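So you can see what is in the structure, the chains are spelled out below.
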Number of protein chains: 4
Amino acid sequence: MARTHFLSDLLSTLFERRYRAGTTRDRRSAVELARALLTGVGEVSGLQMARSLIERYEAMDDAEKVDYFEFMANELDIDLPAIEEAIRVYAGDRSRAHFDGLQRLCQPKRQELLRRINQIPGATAKLVAMRVDLQKIIREHPDLARLDVDFVHLFSSWFNRGFLVLRRIDWETPANILEKIIEYEAVHAIDDWDDLRRRIEPEDRHCFGFFHPVMPDEPLIFVEVALCRGIPQSVQEVLASEREVLPESEADTAVFYSISNCQQGLGGISFGNSLIKQVVENLSRDLPHLRTYVTLSPLPGFRDWLEAAAADIASPVVDDILAIAKTASPGDIDGLAAHSETLRHLAARYLVEEKRPSGQPLDPVARFHLGNGALIHDIHALADVSRNGIDQAFGVMVNYLYDPGRVEANHENFAGEGRIARTRMINGLLKAGIPEKNQRKTANA
Amino acid sequence: MARTHFLSDLLSTLFERRYRAGTTRDRRSAVELARALLTGVGEVSGLQMARSLIERYEAMDDAEKVDYFEFMANELDIDLPAIEEAIRVYAGDRSRAHFDGLQRLCQPKRQELLRRINQIPGATAKLVAMRVDLQKIIREHPDLARLDVDFVHLFSSWFNRGFLVLRRIDWETPANILEKIIEYEAVHAIDDWDDLRRRIEPEDRHCFGFFHPVMPDEPLIFVEVALCRGIPQSVQEVLASEREVLPESEADTAVFYSISNCQQGLGGISFGNSLIKQVVENLSRDLPHLRTYVTLSPLPGFRDWLEAAAADIASPVVDDILAIAKTASPGDIDGLAAHSETLRHLAARYLVEEKRPSGQPLDPVARFHLGNGALIHDIHALADVSRNGIDQAFGVMVNYLYDPGRVEANHENFAGEGRIARTRMINGLLKAGIPEKNQRKTANA
Amino acid sequence: MARTHFLSDLLSTLFERRYRAGTTRDRRSAVELARALLTGVGEVSGLQMARSLIERYEAMDDAEKVDYFEFMANELDIDLPAIEEAIRVYAGDRSRAHFDGLQRLCQPKRQELLRRINQIPGATAKLVAMRVDLQKIIREHPDLARLDVDFVHLFSSWFNRGFLVLRRIDWETPANILEKIIEYEAVHAIDDWDDLRRRIEPEDRHCFGFFHPVMPDEPLIFVEVALCRGIPQSVQEVLASEREVLPESEADTAVFYSISNCQQGLGGISFGNSLIKQVVENLSRDLPHLRTYVTLSPLPGFRDWLEAAAADIASPVVDDILAIAKTASPGDIDGLAAHSETLRHLAARYLVEEKRPSGQPLDPVARFHLGNGALIHDIHALADVSRNGIDQAFGVMVNYLYDPGRVEANHENFAGEGRIARTRMINGLLKAGIPEKNQRKTANA
Amino acid sequence: MARTHFLSDLLSTLFERRYRAGTTRDRRSAVELARALLTGVGEVSGLQMARSLIERYEAMDDAEKVDYFEFMANELDIDLPAIEEAIRVYAGDRSRAHFDGLQRLCQPKRQELLRRINQIPGATAKLVAMRVDLQKIIREHPDLARLDVDFVHLFSSWFNRGFLVLRRIDWETPANILEKIIEYEAVHAIDDWDDLRRRIEPEDRHCFGFFHPVMPDEPLIFVEVALCRGIPQSVQEVLASEREVLPESEADTAVFYSISNCQQGLGGISFGNSLIKQVVENLSRDLPHLRTYVTLSPLPGFRDWLEAAAADIASPVVDDILAIAKTASPGDIDGLAAHSETLRHLAARYLVEEKRPSGQPLDPVARFHLGNGALIHDIHALADVSRNGIDQAFGVMVNYLYDPGRVEANHENFAGEGRIARTRMINGLLKAGIPEKNQRKTANA
């Protein structure tokens, strides 16, 4: 046996963690296999059964999957009378055995089933995919919704922050991972390999992702960062294909201009705040001349809100903005340009004053960054004049600033009292108001 | 920022997963920190609190640890009336929300606490150490025993077989890991670096261990393997310091002569059966000329059993054996040699016929290997004439055979009906019986 | 200092071996720097001077480069009278000192200059690029041609086979290396990333390259391999975008269908034969069910030869073939199809009988594979109907077979006596001859 | 074929670069094989012949090796008349072909032979070992000395600084490399694994070595570094087994207290100056709070010099020192302690004033560090009171200071004019002189 090196071993093991289809001859149905897997004493035949079960599942059509999830929901549910009895016993004597018994009863058997399936190398990714199926099925079968709780419970444990690995993604990253970056980019679509290259190869562009050791080919979430001198005014500037590359040593600002979750099946397990925090840490260690960490973020709900609120606001200027937006095509910015200051004012109101019933900001991106301890730094009009940018927010974007010295206090104040940290500039915008009459210079003026 | 390569990144990240002590200025007590950590909304300050909590815990003396565990046991226990209420609600409507609510109540808050602590890189090893403390404390404070259930629950999930990595351990393995092999070897002690080297460097000696990506320096369990021609008769032969190395290509038998668990804090989470199974798989792939996979195992309870059973057996030969063993010193084998066949017969009886009340074999090593699907292949007298070997089993050792083609059936029969797979040789030994009179040639004969 | 792991260190070092431009303030000219570098006693300031010299060189225009190479050719040439004197001394006393003195004189100082430049991490690639410049300049300045001898001498030593590393190139290979595969493919152009992917990702497609540790991002040479059942008849079949992937386990034949040298600056340093030999070794170890190792190779000189030989051959069929080829467009195969057998016969003659004055085969690809010990296995018409395939060889391709058991004998016979190993099929083709009259079915027949 | 990852491949390739003995059936003698290898056209059978040649060589006894080297020296020598003829031709026309022809003749065939042997993976280490044999044989056969020139020529090219890799060596380094550190330490012997550990594990102790990619298990040279507050006065202080570890962050001084060459067969190829320079660079990048880089070095020729010079100096104090040293045992420092200042003065004279005929300092360690651009900073008596320390230098040691800002100037001045950079302290010691009468307090005083 050729001696392969220790670390090489580890690497290969990790990188061969993909699930390998076997050719199982076990003829039992998925339900039979699940039952057998749960009652099996040892592990010897368990791995084989788990593998067969995965194959059986993957061969199912939609209706069969519904049946299978029904089986999980019902037969593998918790036994309520048994729990009640165990509670009585445990209340009487809080012994280890009684507590253990109660805990086992409280945990539905389907959790144990999923855990046993997960013993196969590569099965984790299969279970993440299974949850995607489940989420789709739940829409038609809401009674199955509680199964999702078990997936979330297990995934939270397995994808614990402590197990995640941050990796830089650049032009030296394996192609099979890069193609997933192209696929998963959710904010500013990547057109092709050349576009991708412009975002990860130049020395003033970085990209970082979180990975899990058992899914080494699959980014969980990634963030794209532009190193700049000063804060850019628009995403067009950041993504311009002909721009001049800034020498890394001259940059003073890191701009997080896109964050994308990659795994639909890991929805509800939050990685984003850790990611930004960790990237800020890495960048400030490696590039000590960086002074400012800021996002360039969309306001995904701004236009919807303004359309709904327009009647209340009752301003001809707002009406004009809405009218322009209706006919605007990407890059066609003259009309909106005339209303830049109004848009900035309205966006500030939207971000700072509009709340959900729970008291949290209406805008989901604002909730995310403010919850992480960022503050609202500035608002830019005409900052994303793509189709999507105009449709969502009339082209407006916002900078959330991560100031390492204030992040903790911002977070506490926001989590505790809902206080939204912001600069004077934002306060100024809030006060600015909407001009009384429409000052737009029309084309024929 | 110097571009470091993708995999290099991953490696470094994994290998810098050690916990790094900070210099936290948080003055809150462990209990206050635990409460804050549990109520904290976001993660921003959570990591810092978790780090402080670990430091606070590590600074505690034994009495303070007891107090802290009492806090975990009581204040962070489950709320029984609330669970009962949630059961009623869930019984009425098995909705996702109701199920989620019930599940959250069933899980004691201390589990969530441990999970949040585990978000810090390197914290897993700290929690494993915490359980070692707990196990010690439980001996005096049995009321805290139920805390152990939570540790086992979490560790089972985190150390799921699917997350473990098998690595070969050899003379090219980093020294910090090798010193742990010396430290943890539990069956046949390793005297020093030279002894270690004899066990891992020659081409007819292999060693494999399971590791977890977040504790890359810590073997969880390891097995030592000797490649031989035929099955060796004794461990002396295997460990002889002056033996001739067998060319790998001439070996036909792999002998598993030592399996050691390394992490006391992971007691109750079984890795052993996976390990053997995986090593057999690797060896048979890389060394296709191997024909036999067999252990050379101790019988740790044999002498205790025989001493207890001697009165019932009422044989002068047995009495003589017990008498010899009392005065035998390591390597002093003449006396026992005279009784080799009797010892083999008695060992066969002990292994095959002596049971615990549960019906399982009395001998723990037999339970382990038979449970894995091995069969009892042969029994050797004078096979471990060290102090420990004589004290445990009069020097007797046993071969359990792993026959890939029969492992599954053996396992099923054993798990189902308690049937103990064995060779005709063992049946022969069972029938042989004890000679009627003592045929030992005494020194003065 | 964060402890980074041993291997991680090695990796990063290798992967940061790129040359890093400094900002040298040394104002000396390249010639002055070269002189200083050669007289410098120690190394302390040498690295700095070498770096400055590289920068100075890279800033030169073409005329300046000519001047610089003139300096190398003349001032740094060998000193003939001094060598003659040293020969006399050495002839009188073959001492170490005399031999050393003679050797130093025989080696032109420019070799030492290049060696000192090469001490800078990353400089090797710079020197390879310098030779590309030189080769271009030599065309106009043939007096500089002897400089190339020094480059070849040094590169042969540095790129010694023993220092090369064979790596598999697949879809998990870093993108910066893959883009070079696209760029360097010299035989069957790769259109884009999708085309590349079809050639390296499916399990029946492999690609291997040689790399040198100090130029880890630069393939030196690579080969593309298709795993097939039986030997394919055409490259169209191999490269078809819609073909069905063959399970690796069903393949019995490995087809080397493209070999490309990547580094113009390493011309004359042969890697190809090692590469094929090594790939055959790796494949036969990993895929023991492969039976046949064969190329699908172009005949780059076939058409030129036939055009030149047509007058001598004086056959209407040959004239017709030449006429068809003149107007044929890619994929337009009807005309040529009518002459398949004639083309195969002519190609066999061309490969087996046409020689250079040195006695070696006229065709360069034939020289290469026959020199490696391959034999001519079969010839296919209409096997490459691309523009290039028709232009070079009327679409004809040839299989050279690597039979591990016969490679050595073939090689010896070819190297010694010029004997060309071939199958009976080829002998049959040789005998077949050209049909007397043109049997082409014309379109209007 | 299991897909193994790109880098994994590279790693394994590098780490399997060890030479693997084959079982060659080639019956030719070494001389026959060498001739065949040199005339062989292709590479196909060359690798096999090279392997056989190595095996044949390794099986030789000493007399046979002498014969083999005689063959290399004579039959594979250069052809002087042919060179003279080629010079005449080249003088007439400096064409590429003529230059190439001349170069080929100037290079003895044995160089080409060694180069062809080196094509086998792992052969480089074999050739390094071959030179060790040669060096031993040369002592008895001085006529073979010129062969060493060829080895040096090739090794200088292969072990070019640009191909070396600097690695940190610590407690996580593979054991097979660590045992070589124990073996090769040449200055302050390492007693056992515990002693080794004390030198590489604590955070205030570092060790770095140079490695070559084709001999990844073999350090070429390594240096041991102690991080200190201030400059230590003695090596006892540095190596004390019970010392308190200094937190890395509190260190301000890096002390290079031991540099060891590892490969006798690479004698004459200098790595030391690069190593120190590179380590200073790495440390100053990673530990920016370090202010001072200094050695704690032996004066290996001091005692020999003083014994020879004693007659000229004619001082009773010097005579007394010599007398004490004769009877002193390790650690017995009282006698020498009385003469500390005299020893420092004498050592300063020895270092600064005593020269070889060439004008270079007499002391080899001084030559090395001064040649690297260091300056003499301080001299300590009783600084190495081991047997070796007293035997070489009465326990005296010296600090050479590497001041990055002055290294280049120091080096230039030393290389150019032989100026020895030193502190005022050294100048003071030079002036101090020897006391007129012996002030030693005798034991009976």
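The structure presented is a predicted model; accordingly, all values stated were derived computationally and were not measured. Residue positions are counted from 1 within each chain, in the order its sequence is given. As they are written, the chains are lettered A onward and the ligands numbered 1 onward, keeping that order. Residue-level local features of this predicted model are given only where pLDDT is at least 70; pairs of side-chain atoms are given and counted only at 80 or more, and the full residue set underlies all totals for whole chains, interfaces and linings. Side-chain metrics in this entry use all non-hydrogen atoms of the structure; hydrogen atoms and water are not considered.

This next bit is on the overall build of chain A. Helix and strand counts for chain A stand at 21 helices and seven strands. The principal-axis extents of the C-alpha atoms in chain A amount to approximately 80 × 60 × 45 Å. Across the 445 residues in chain A, those meeting the buried criterion constitute 59%. Residue exposure ignores everything except the shown protein chains as possible cover, and the areas themselves are Shrake-Rupley values with a 1.4 Å probe. Entry remark: accessible area of chain A is about 17,900 Å², with carbon and sulfur atoms responsible for 48%. Secondary structure is summarised from DSSP: a helix means a run of H or I of at least four residues, a strand means a run of E of at least two, and numbering begins at the N terminus for each. Burial classification: accessible surface area is computed with a 1.4 Å probe over protein chains only, and a residue below 20% of its type maximum counts as buried, one above 50% as exposed, and the rest as partly exposed.

Residues and elements named next belong to chain B. Here W305 is to be found in helix α14 (residues 302–313). Take W305: its relative accessible area is 9%, and that puts it in the buried class. On a C-alpha basis, the gap between W305 and S340 in space is 18 Å, while along the polypeptide they are 35 residues apart. Discounting chain neighbours no more than four positions away, the residues touching W305 are I313, L346, Y350, E354 and L362. In this description, contact between two residues means that some pair of their heavy atoms is separated by no more than 4.5 Å.

The next point concerns the pairing of strand β5 (residues 292–295) of chain A. Every regular strand shows the same layout, with side chains that alternate between the two sheet faces. Residue and element names in this part refer to chain A. Here four bridges tie strand β4 (residues 253–261) to β5, and the two strands are oriented parallel to one another. Opposite T253, over in β5, you have T292 as the bridge partner. For the handedness criterion, the strands are oriented away from the viewer, and a crossover whose path from the first strand over the helix to the second runs clockwise is classed as right-handed. With helix α13 (residues 272–286) bridging β4 and its parallel neighbour β5, the resulting β-α-β unit is right-handed. By this definition, two strands are paired if DSSP reports at least two bridges between them.

Contact with chain B, which involves 92 residues of that partner, is made by 91 residues of chain A. Summed over both partners, the interface of chain B with chain A buries about 7,900 Å², with 60% contributed by carbon and sulfur atoms. Salt bridges, as used here, are contacts in which a Lys or Arg side-chain nitrogen is within 4 Å of a carboxyl oxygen on Asp or Glu. In this assembly, chain B and chain A are joined by four salt bridges. Ionic pairing is found between R96(A) and D148(B), a salt bridge with its closest N-O pair at 2.5 Å. By residue number, the principal contributor to the side of chain B that touches chain A is helix α9 (residues 145–158) of chain B, which donates nine residues. The classification used treats Ala, Val, Leu, Ile, Met, Phe, Trp, Tyr, Cys and Pro as nonpolar, Asp, Glu, Lys and Arg as charged, and all other residues, Gly among them, as polar. A class-by-class count of the residues in the side of chain B that touches chain A yields 42 nonpolar, 24 polar and 26 charged. Throughout, buried area stands for the accessible area (probe radius 1.4 Å) lost by two parts on being put together, summed over both.

Moving on: the pattern of salt bridges. Summed over the entire model, instances satisfying the criterion amount to 116 salt bridges over all chains. With its nearest N and O atoms 3.7 Å apart, the salt bridge here joins R303(B) to D391(B). Residue R303(B) is found in helix α14, and its partner D391(B) is found in helix α19 (residues 387–393); the two are separated by 88 residues along the sequence. Judged by relative accessible area, R303(B) falls into the buried class, the value being 9%. A residue is classified by how much of its surface remains accessible, and D391(B), at 35% relative accessible area, is partly exposed. If you follow the salt bridges from partner to partner, you end up with D77(A), R110(A), R146(A), D150(A) and R94(B) in one network.

Within the sequence span of helix α6 (residues 96–106) of chain B, burial applies to F99(B), D100(B), L102(B), Q103(B) and C106(B). Within α6(B), the buried residues cover an arc of 165° as seen down the axis, which keeps them to one side. Exposed side of α6(B), more than 90 degrees from the buried face: A97(B) and R104(B) are the residues found there. On its buried side, α6(B) packs onto α5 (80–92), α6 (96–106), α7 (109–117) and α9 (145–158) of chain A together with α5 (80–92) of chain B. Read the arc as the range of directions from the helix axis to the C-beta atoms.

Moving on, we come to the side chain of R199(A). Residues and elements named next belong to chain A. Within the element layout of this structure, R199 appears in helix α11 (residues 193–200). Looking at R199, the relative accessible area reads 3%, which means it is buried. Within 3.5 Å is the distance limit for a polar contact, defined as a pair of N or O atoms, with the added protein rule that one can donate a hydrogen and the other accept it, and that residues adjacent in sequence qualify only through two side-chain atoms. Engagement of the side chain of R199 in a polar contact is seen with the backbone oxygen of H188, the distance being 2.9 Å. A distance of 2.9 Å separates the side chain of R199 from the backbone oxygen of A189, its partner in a polar contact. Ignoring anything within four residues of it in the chain, the contact list for R199 reads E185, H188, A189, I190, R205, H206, E224, L239 and Y257.

Residue and element names in this part refer to chain A. For the purposes of this description, domain bounds are those given by an automatic or database domain assignment. Each domain of chain A was delimited in the assignment, giving domain 1 (29–158), domain 2 (162–295) and domain 3 (302–438). One C-alpha centre belongs to domain 2, the other to domain 3, and the line joining them spans 24 Å. Listed as interface residues are 17 residues of domain 2 and, on the opposing side, 17 residues of domain 3. Between domain 2 and domain 3, a total of about 1,300 Å² is buried, with carbon and sulfur atoms accounting for 58% of that surface. Viewed at the interface, domain 3 and domain 2 are joined by zero salt bridges. The interface formed by domain 2 and domain 3 contains eight residue pairs in polar contact (both at pLDDT 80 or more). Looking at the side of domain 2 that touches domain 3, the elements with two or more residues in it are α12 (235–239), α13 and β5.

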